[in-house]
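Topology and contacts: notes
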Amino acid sequence: MKAAPLKILVTGGKGFIGSAVVRHLINETRHSVINVDKMTYAATEGSTQSIADSPLYEFEHADICDIDCITEVFAEHAPDAVMHLAAESHVDRSIDGPAAFVQTNLIGTFNDARRRH
Ligand SMILES: NC(=O)c1ccc[n+]([C@@H]2O[C@H](COP(=O)([O-])OP(=O)(O)OC[C@H]3O[C@@H](n4cnc5c(N)ncnc54)[C@H](O)[C@@H]3O)[C@@H](O)[C@H]2O)c1
C-alpha cells in the first residue's frame, strides 16, 4: 500500500540544494510543496521554473526570521513535514557580515521549529 501524499514545507527552495529537492518532490513523488524563500542573493528565480505550474507547488516569498510571517505561513498551509534548507551558506561572506548568518541560521531555524507545532 502506498503512503498518503504529504504537504511538505521546504525553506530555501530557491537555493542550490533546496531547488533540487523541490524539483525532485514535484517530479518524482506525489507530495505537494510549499516553497518558502526570502529570495536573497543566493536564490535563483529560474531554478523552479520547470515545476512552477504544477498544482502541487506553491511559493511563499517570506523571511524565516520574520516570526509573524512564518506563523501565518504555517497556519495557512498546515504542512505535514518541514525540510529546512534556508541558510546563509556562503562561508566567505560570514567574515564581513556574520550577523546575517546568526539571524538566518540560528534565529530563523529556531522560528521554524517553534512555529511548527
Ligand atoms: N551546497 C552544498 O554542497 C551543501 C552541502 C551540504 C549541506 N548544505 C547545506 O544545505 C543548506 C542549503 O545550502 P545551499 O547550498 O542550497 O544554499 P544556497 O545559498 O544556495 O541557498 C540558500 C537559500 O536560502 C534562502 N534564504 C536565505 N536566508 C533566508 C531567510 N532568512 N528566509 C528564507 N529564505 C532564506 C536563499 O534565498 C537561498 O535561496 C545549508 O544549510 C547548507 O549548509 C549544502
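Look up a bit, the structure's there.
Overview of the overall build of the chain
The helix and strand inventory of the chain stands at 4 helices and 4 strands. Along the chain, from the amino end to the carboxyl end, the secondary structure elements read β-α-β-β-α-β-α-α. Against the 2.2 N^0.38 benchmark of 13 Å for 117 residues, the chain shows a C-alpha radius of gyration of 14 Å, consistent with a compact globule. With respect to the three principal axes, the spread of C-alpha positions in the chain is 50 × 30 × 25 Å. Here the chain holds 117 residues, and the buried ones make up 37% of them. The long-range share in the chain, meaning contacts at least 24 apart out of those at least 6 apart in sequence, stands at 68%. Total accessible area computed for the chain in this model is approximately 7000 Å², and 56% of it derives from carbon and sulfur atoms. For the chain, the centre of its 10 positive side-chain charges and the centre of its 16 negative side-chain charges are spaced 6 Å apart.

A few points about the environment of I8
By secondary structure assignment, the location of I8 is in strand β1 (residues 7–11). Taking the relative accessible area as the measure of exposure, I8 reaches 6% and is therefore buried. For the pair I8 and P79, spaced 71 residues apart in sequence, the C-alpha separation works out to 5.6 Å. When near neighbours in sequence (up to four residues on either side) are disregarded, I8 contacts L25, H31, S32, V33, I34, A81 and M83.

A short note on the side chain of E88
Along the chain, the position of E88 falls in the loop between β4 (81–84) and α3 (93–96). Setting aside residues no more than four positions away along its own chain, E88 makes contact with Y41, A100, F101, T104 and N105.

What about the site of the ligand?
Close to the ligand lie 21 residues; I17, D37, T40, D63 and S89 are nearest. One nitrogen or oxygen atom from the main chain of F16 is found 3.0 Å from an oxygen atom belonging to the ligand. Taking K38, its main chain carries an N or O atom lying 3.1 Å from a nitrogen atom of the ligand. Protein burial of the ligand: of its 840 Å² of free accessible surface, 72% is covered by the chains. Grouping the amino acids of the shell around the ligand by side-chain chemistry returns 10 nonpolar, 7 polar and 4 charged.

Some words on the side chain of H31
Following the sequence through the fold, H31 ends up in the loop between α1 (16–28) and β2 (32–37). Apart from residues lying up to four places away in sequence, H31 is in contact with A4, P5, L6, I8, L25, I26 and L56.

Quick notes on the rules
- Residues numbered from 1 in each chain as written.
- Predicted model: local features only at pLDDT ≥ 70, side-chain atom pairs only at ≥ 80, totals over all residues.
- Heavy atoms only, no water.
- Helix = DSSP H or I, 4+ residues; strand = E, 2+ residues; numbered from the N terminus.
- Rg over C-alpha atoms; globule rule 2.2 N^0.38 Å.
- Buried < 20%, exposed > 50% of the residue type's maximum accessible area, 1.4 Å probe, protein only.
- Contact = heavy atoms within 4.5 Å.
- Areas by Shrake-Rupley, 256 points an atom, 1.4 Å probe, with all protein chains shown as cover.
- Lys, Arg positive; Asp, Glu negative; His and termini not counted.
- Charge placed at Lys NZ, Arg CZ, Asp CG, Glu CD.
- Near = heavy atom within 4 Å.
- Polar contact = N/O pair within 3.5 Å; in protein donor to acceptor, adjacent residues only side chain to side chain.
- Nonpolar A, V, L, I, M, F, W, Y, C, P; charged D, E, K, R; others polar.

Geometric descriptors of this kind do not, in isolation, establish any biological role.
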